[in-house]
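# Observations on chain architecture
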2 protein chains.
Amino acid sequence: MSIWFTEKQTENFGITAKINKIQHSEQTDFQKLDMVETEEWGNMLLLDDMVMTTEKDEFVYHEMVAHVPLFTHPNPKHVLVVGGGDGGVIREVLKHPSVVKATLVEIDGKVIEYSKKYLPTIAGTLEDARVEVKVDDGFLHIAQSEKAYDVIMVDSTEPVGPAVNLFTKGFYSGISKALKDDGIFVAQTDNPWFKADLISQVFSDVKEIFPVTRLYTANIPTYPSGLWTFTLGSKIHDPLKVKEDRFNEMETKYYTKELHFASFALPKFVKDLTE
Amino acid sequence: MSIWFTEKQTENFGITAKINKIQHSEQTDFQKLDMVETEEWGNMLLLDDMVMTTEKDEFVYHEMVAHVPLFTHPNPKHVLVVGGGDGGVIREVLKHPSVVKATLVEIDGKVIEYSKKYLPTIAGTLEDARVEVKVDDGFLHIAQSEKAYDVIMVDSTEPVGPAVNLFTKGFYSGISKALKDDGIFVAQTDNPWFKADLISQVFSDVKEIFPVTRLYTANIPTYPSGLWTFTLGSKIHDPLKVKEDRFNEMETKYYTKELHFASFALPKFVKDLTE
């Protein structure tokens, strides 16, 4: 018997993948969680039937969330990851020697638990001494923080279910307050083919709060349309003005310093969403 | 009844799209041709069950095949498109005022016929006075041409079926002979997630023949992995050294002059395929 999983990325379009085994399925307190072993992508984490990450292509998302803001900041020491219970962003954050402490605030402890079990190459570094893991509401954590972080990364699910608050202007204001005076934040902001209005709205909201607001993209084959956007808000430092000597050697599979800059060159129809 | 079409992009992964209507289906002399109306992408052309183009996302592929080499060449007058019977590349080529003549050599007349009927916004400009359409074998046409073209674009299907010859070193040698002394060619060369070996092989073959060999990418949501590569071979002109004043105003939806350069900044794992 051949079993295929299908994610409807829109009402009328989706991806489909052959599954070898369903590793785990449960309704947590927050969402439906499935871990499946696919033939093409290795183990794959799904939340509310949407692909969150896979063993084979996870490096793109995690590298691009982490390294763009971390190389933009001249000396990031305290980093907060909101969401991201699979641990992939934390793994990349820890590659930066300046980082003293990385805090992960994930609302759903089950995501952490099953990522550690089935995605060990992604979640393994959550055990690192520099990492503090809090199972808590990221929105509240942000509201309670003041000038605490150099860089904040919002590694959320889509704006449905538990993450709906994480796409509001109030949240971005809270992030600004939680950041130090030269802080930077980045959030995943979905794809321009099916969610153009969301990107437009978030960009415009962030721009009202942060002096430097920029959109960049990366190719993620298991995400809708394959073209993912990230919105970056910064109080001072501009990702397009990072000096050559800021970059240091780092083992990556997607990010390069050339791509750091190139990822901000947007297709015309995406650029239009920021204007 | 809800009808969905599924393209298996690998043995174990694919895309699936809701279909409103099957416009046309036939086995031509060369391949299986299907034209379907999808809810998400409008009319979609399939050859041998692989998505060739759709009304909604076609602009990406067609703009990126055409404008990168055409702006790299200082004064392209004679352009050849091998394959590309849907007419989308020709439409973009004609946006360049320097172009005196654009020749299309498509092996399968049925592709042209049904593109004109069901993809009029793509195939419409095939009627333009500057266009010559030949229903012929592109491989033979190249073999019979000498110093005839400024720019040659290979808009082929995958290297199975009628296009298998178009991915050989002999073909690239023929292209070199068919080009003028400062000619440029570009070919679509599939995606780095599932066809890494093909990209590596083509890049290495082209590099033995053309002094300037470069790989660039674009996001095409209905193509496997969403990340598509194009291999460019040039006798003299370097796409990375195009001067600011060469670009002129042109209506596009994907291509911009910033993206012209940025599209050559490759993800690390793709860059590795060229080294």
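Every value quoted in this text rests on a predicted model; they were computed, and no experiment measured them.

### Digging into the interface of chain B and chain A
In this assembly, 40 residues from chain B lie in contact with 40 residues from chain A. Overall, the association of chain B and chain A removes approximately 3,300 Å² of surface from exposure, summing both partners, and the carbon and sulfur fraction of that is 68%. Summed over the shared surface of chain B and chain A, the number is 0 salt bridges. Between the two partners, chain B and chain A, sit 14 residue pairs in polar contact (both at pLDDT 80 or more). Within the residue set of the side of chain B that touches chain A, elements represented by two or more residues are strand S1 (3–8), strand S2 (13–27), helix H1 (58–72), helix H8 (257–262) and helix H9 (268–271) of chain B. Of the residues forming the side of chain B that touches chain A, the biggest block, 6 residues, is contributed by S2(B). A breakdown of the residues in the side of chain B that touches chain A according to their chemical character gives 19 nonpolar, 10 polar and 11 charged. In this sheet, S2(B) lies alongside strand S2 (residues 13–27) of chain A in antiparallel orientation, the contact comprising 5 bridges. Following the sheet pairing, Thr16(A) is matched in S2(B) by Gly14(B).

### Some words on the pattern of salt bridges
According to the stated counting rule, one finds 40 salt bridges over all chains in the structure shown. Note that Glu132(B) is salt-bridged to Lys101(B), the shortest N-O span being 2.8 Å. Within this pair, whereas Glu132(B) is found in strand S8 (residues 131–135), its partner Lys101(B) is found in strand S7 (residues 101–106), the two being separated by 31 residues in sequence. Look at Glu132(B) and you get partly exposed, because its relative accessible area is 29%. According to the relative accessible area criterion, Lys101(B) is partly exposed, its value standing at 34%. It is possible to trace a salt-bridge network through shared partners that takes in Glu58(A), Arg91(A), Glu92(A) and Lys95(A).

### Considering the sheet that holds strand S6 (residues 78–83) of chain A
Residues and elements named next belong to chain A. Within the open sheet, the 7 strands sit side by side as S8-S7-S6-S9-S10-S12-S11. Their pairing is mixed. Each of the sheet's edge strands pairs with one partner strand only, and the pair in question is strand S8 (131–135) and strand S11 (212–219). Adjacent strand axes in the sheet meet at a mean angle of 15 degrees when their direction is disregarded. By the bridge criterion, 5 bridges tie strand S9 (residues 149–155) to strand S10 (residues 179–188) in an arrangement that is parallel. By the bridge assignment, Met 153 is partnered in S10 with Val 186. Most of the contacts of helix H6 (residues 169–178) go to S10, to which it runs at about 140 degrees, and overall it touches S6, S9 and S10.

### Some remarks on the UniProt feature "binding site: spermidine" (unreviewed entry) in chain A
Residue and element names in this part refer to chain A. This chain's UniProt record puts "binding site: spermidine" (unreviewed entry) on His 62, Asp 86, Asp 155, Ser 156, Thr 157 and Glu 158. Following the sequence through the fold, Asp 155 ends up in strand S9. Note on Asp 155: relative accessible area 8%, which makes it buried. Once you skip the residues sitting within four places of it in the chain, Asp 155 turns out to touch Tyr 61, Val 81, Val 82, Gly 83, Gly 84 and Val 89. Positionally, Glu 158 belongs in the loop between S9 and H6. Setting aside chain neighbours within four positions, we find Glu 158 in contact with Met 50, Ala 163, Phe 167, Gln 188, Asp 190, Lys 195 and Trp 228. Side-chain polar atoms of Glu 158 contact the side chain of Gln 188, separated by 3.4 Å.

### Digging into helix H3 (residues 109–118) of chain B
Those residues of H3(B) not exposed but buried are Val111(B), Ile112(B), Tyr114(B), Ser115(B) and Tyr118(B). Among the residues of H3(B), the N-terminal cap falls to Asp108(B), whose side-chain oxygen and the backbone nitrogen of Lys110(B) are separated by 3.0 Å.

### Details of the relation of the copies chain B and chain A
One copy of the chain maps onto the second through a rotation around an axis plus a translation along that axis. You can overlay chain B on chain A at an RMSD of 0.0 Å; the transform is a turn of 180 degrees with a shift of 0.0 Å along its axis. The transformation relating the two chain copies, once decomposed into turn and shift, fits a two-fold axis. A share of 100% of interface residues in chain B that are also interface residues in chain A marks the association as one of identical surfaces.

### Some points on unusual backbone geometry
Even without glycine at this site, Asp48(A) takes up a positive phi of about 50 degrees. Looking at the element boundaries, Asp48(A) is found in the loop between strand S4 (42–47) and strand S5 (50–54). Not every positive phi belongs to a glycine, and Asp190(B) is a case in point at roughly 65 degrees. By the element assignment, Asp190(B) lies in the loop between strand S10 (179–188) and helix H7 (196–209). Look at Asp190(B) and you get buried, because its relative accessible area is 2%.

### Considering the side chain of Asp34(A)
Residue and element names in this part refer to chain A. In this structure, Asp 34 sits in strand S3 (residues 32–38). Within polar-contact distance, the side chain of Asp 34 engages the side chain of Ser 25 at 2.4 Å. Setting aside its immediate chain neighbours within four residues, Asp 34 contacts His 24, Ser 25, Met 44, Leu 45, Leu 46 and Asp 49.

### Quick word on the nonpolar core
Among the nonpolar cores identified, the biggest contains 124 residues, and Val93(A), Met153(A), Phe230(A), Val93(B), Met153(B) and Phe230(B) are the most heavily contacted of them. Filtering out sequence-adjacent residues up to four positions away, Val93(A) remains in contact with Ala66(A), Leu70(A), Val79(A), Val99(A), Ala102(A) and Met153(A).

### Some details on the domain arrangement of chain A
Residues and elements named next belong to chain A. Domain annotation of chain A identifies domain 1 (3–51) and domain 2 (58–274). The gap between the C-alpha centroids of domain 1 and domain 2 is 23 Å. Taken together, the contact pairs 19 residues of domain 1 with 19 residues of domain 2. Interface area for domain 1 against domain 2, summed over the two sides, is near 1,800 Å², with a carbon-plus-sulfur share of 73%. Taken together, domain 1 and domain 2 are joined by 1 salt bridge. For Glu 26, the salt bridge is made with Lys 110, and the minimal N-O distance between the two is 3.9 Å. One can count 5 residue pairs in polar contact (both at pLDDT 80 or more) joining domain 1 with domain 2. Broken down by secondary-structure element, the contributors of at least two residues to the side of domain 1 that touches domain 2 are S2, S3, S4 and S5. The dominant element in the side of domain 1 that touches domain 2, judged by the number of residues it contributes, is S2, at 5 residues.

Procedures and definitions
Residues numbered from 1 in each chain as written. Chains lettered and ligands numbered in written order. Predicted model: local features only at pLDDT ≥ 70, side-chain atom pairs only at ≥ 80, totals over all residues. Heavy atoms only, no water. Contact = heavy atoms within 4.5 Å. Buried area = accessible area lost by both parts, 1.4 Å probe. Salt bridge = Lys/Arg side-chain N within 4 Å of Asp/Glu carboxyl O. Polar contact = N/O pair within 3.5 Å; in protein donor to acceptor, adjacent residues only side chain to side chain. Helix = DSSP H or I, 4+ residues; strand = E, 2+ residues; numbered from the N terminus. Nonpolar A, V, L, I, M, F, W, Y, C, P; charged D, E, K, R; others polar. Pairing = 2+ DSSP bridges. Buried < 20%, exposed > 50% of the residue type's maximum accessible area, 1.4 Å probe, protein only. Axes fitted to C-alpha atoms, helices over the stretch in contact; angles between N-to-C directions. UniProt positions renumbered as here; feature names shortened; annotations may be inferred. Least-squares fit on C-alpha atoms with pLDDT ≥ 70 in both. Core = buried A, V, L, I, M, F, W, Y, C linked by side-chain atoms within 4.5 Å. Domains from an automatic or database assignment.

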